[in-house]
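# Understanding the architecture of this molecule
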Amino acid sequence: MLRLCGCVLLAAGMAAPALSDPRSELQERLDALGRLAADFTQAQYGTRGELLETAHGRVRLARPKFRWELFEPYRQIIVADGETLKIYDPDLEQVSVRPIEEALTDAPLAVLTGSEATLNAEYEVARLEPERFSLRPLADDALIAEIILAFDSSRLSRIAIRGPLGQRTDVHLNRFEDVSVVQPSDFELNLPEGVEVY
């Protein structure tokens, strides 16, 4: 069985505009997403706030394509090529392949790579601080309770995802690289023989 990844999603923003409607300002930042190359650290917490797991990895983004790669504590590679989402677990020699529209339903990544219509139709947006935004799903049966996007001037620096029972995942982006390192091959997943496909 494939391991669950804590969250998928990343991006770079733009210079902060003057304070305005939170939804409009956030949409401007999301519209400015293009390419991104960075490392990340990820921490998952339980319902009582206890630390369950930490991880680190690397992200590459060329909107709407992305690659999210965990190095520790286990290897996992998540690749979206614009049509499909693939989650590859090298240790288990398994890969899950799903249509992108189905895979990103109710997923934080859909906020970062989706359209203005997605934001308007699916989330209530509030500004917590000048560069922090809260997104709450409008659907009663949503799998997440809240997404918090925090920007550091010109780019996204933190993503926090809170579950309905209080569990949460925090992702901090760091070690940003020049976007010229992002290559088309980053969004290809070449699998060795014998890998099971689901």
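What comes next concerns the included structure.

Analysis parameters
- Residues numbered from 1 in each chain as written.
- Predicted model: local features only at pLDDT ≥ 70, side-chain atom pairs only at ≥ 80, totals over all residues.
- Heavy atoms only, no water.
- Phe/Tyr/Trp six-rings, centres within 6.5 Å; stacked < 30°, edge-to-face > 60°.
- Helix = DSSP H or I, 4+ residues; strand = E, 2+ residues; numbered from the N terminus.
- Core = buried A, V, L, I, M, F, W, Y, C linked by side-chain atoms within 4.5 Å.
- Buried < 20%, exposed > 50% of the residue type's maximum accessible area, 1.4 Å probe, protein only.
- Contact = heavy atoms within 4.5 Å.
- Pairing = 2+ DSSP bridges.

## Some details on the packing of aromatic side chains
Counted according to the given criterion, the structure contains 2 aromatic pairs. Ring geometry for F40 against W68: centres 3.8 Å apart, planes inclined by 15 degrees, an arrangement best described as stacked. Highlighted residues: F40 in strand β1 (residues 35-45) and W68 in strand β3 (residues 65-72), separated in sequence by 28 residues. On the numbers, 6.0 Å between centres and 85 degrees between planes, the contact of F133 with F151 is edge-to-face. Pair noted here: F133 is in strand β8 (residues 132-137) and F151 is in strand β9 (residues 146-152), with a separation of 18 residues, a long-range link.

## Some points on the nonpolar core
Counting 36 residues, the largest nonpolar core has L26, L135 and L149 as the members making the most contacts within it. In this structure L149 touches L26, L30, V111, L112, E131, R132, F133, L135, L156, R158 and I159, once residues within four positions along its chain are discounted. With 10 residues, the next largest nonpolar core counts V95, V182, L189 and V195 among its residues.

## A few points about the pairing of strand β4 (residues 76-80)
Regular strands show a simple pattern: their side chains alternate between the two faces of the sheet. Judged by how many residues are buried, β4 sits mostly within the fold: 5 of 5 residues are covered. Judged by which residues are buried, β4 turns out to be covered on both faces: Q76, I78 and A80 on one side and I77 and V79 on the other are all buried. When β3 meets β4, the two strands line up antiparallel, connected through 5 bridges. Residue pairing in the sheet places R67 in a bridge with V79 of β4. In this structure, the hairpin formed by β3 and β4 is closed by a connection of 3 residues. The pairing of β4 with strand β5 (residues 84-89) spans 4 bridges and is antiparallel. In the strand pairing of β5, I77 is matched with Y88. Here β4 folds back onto β5 in antiparallel fashion, the turn holding 3 residues, of which G82 has a positive phi close to 100 degrees.

## Considerations on the environment of S153
Here S153 shows up in the loop between β9 and β10 (155-162). Remark: the alpha-carbon pair of S153 and P130, spanning 23 residues in sequence, is separated by 10.0 Å.

## So, unusual backbone geometry
The omega angle of the peptide bond from R63 to P64 is 5 degrees, so this bond is cis rather than trans. Within the secondary structure, P64 is located in the loop between β2 (51-62) and β3. A positive phi is found at E93, a non-glycine position, where the angle reads about 55 degrees. Relative to the helices and strands, E93 resides in the loop between β5 and β6 (94-99). Phi is positive for R175, which is not a glycine, with a value near 50 degrees. Along the chain, R175 turns up in the loop between β11 (168-174) and β12 (196-197). R175 gets classed as exposed once you look at its relative accessible area, which sits at 64%.

## Focus: the sheet that holds β11
Here we have 12 strands laid out as an open sheet, ordered β7-β8-β9-β10-β11-β1-β2-β3-β4-β5-β6-β12, and mixed in their pairing. Looking at the sheet topology across the chains shown, the edges are occupied by β7 (123-129) and β12. Two elements, β1 and β11, share 7 bridges in a ladder whose sense is antiparallel. Directly across from Y45, in β11, lies its bridge partner R168.

By themselves, these are just geometric observations and shouldn't be taken as functional.
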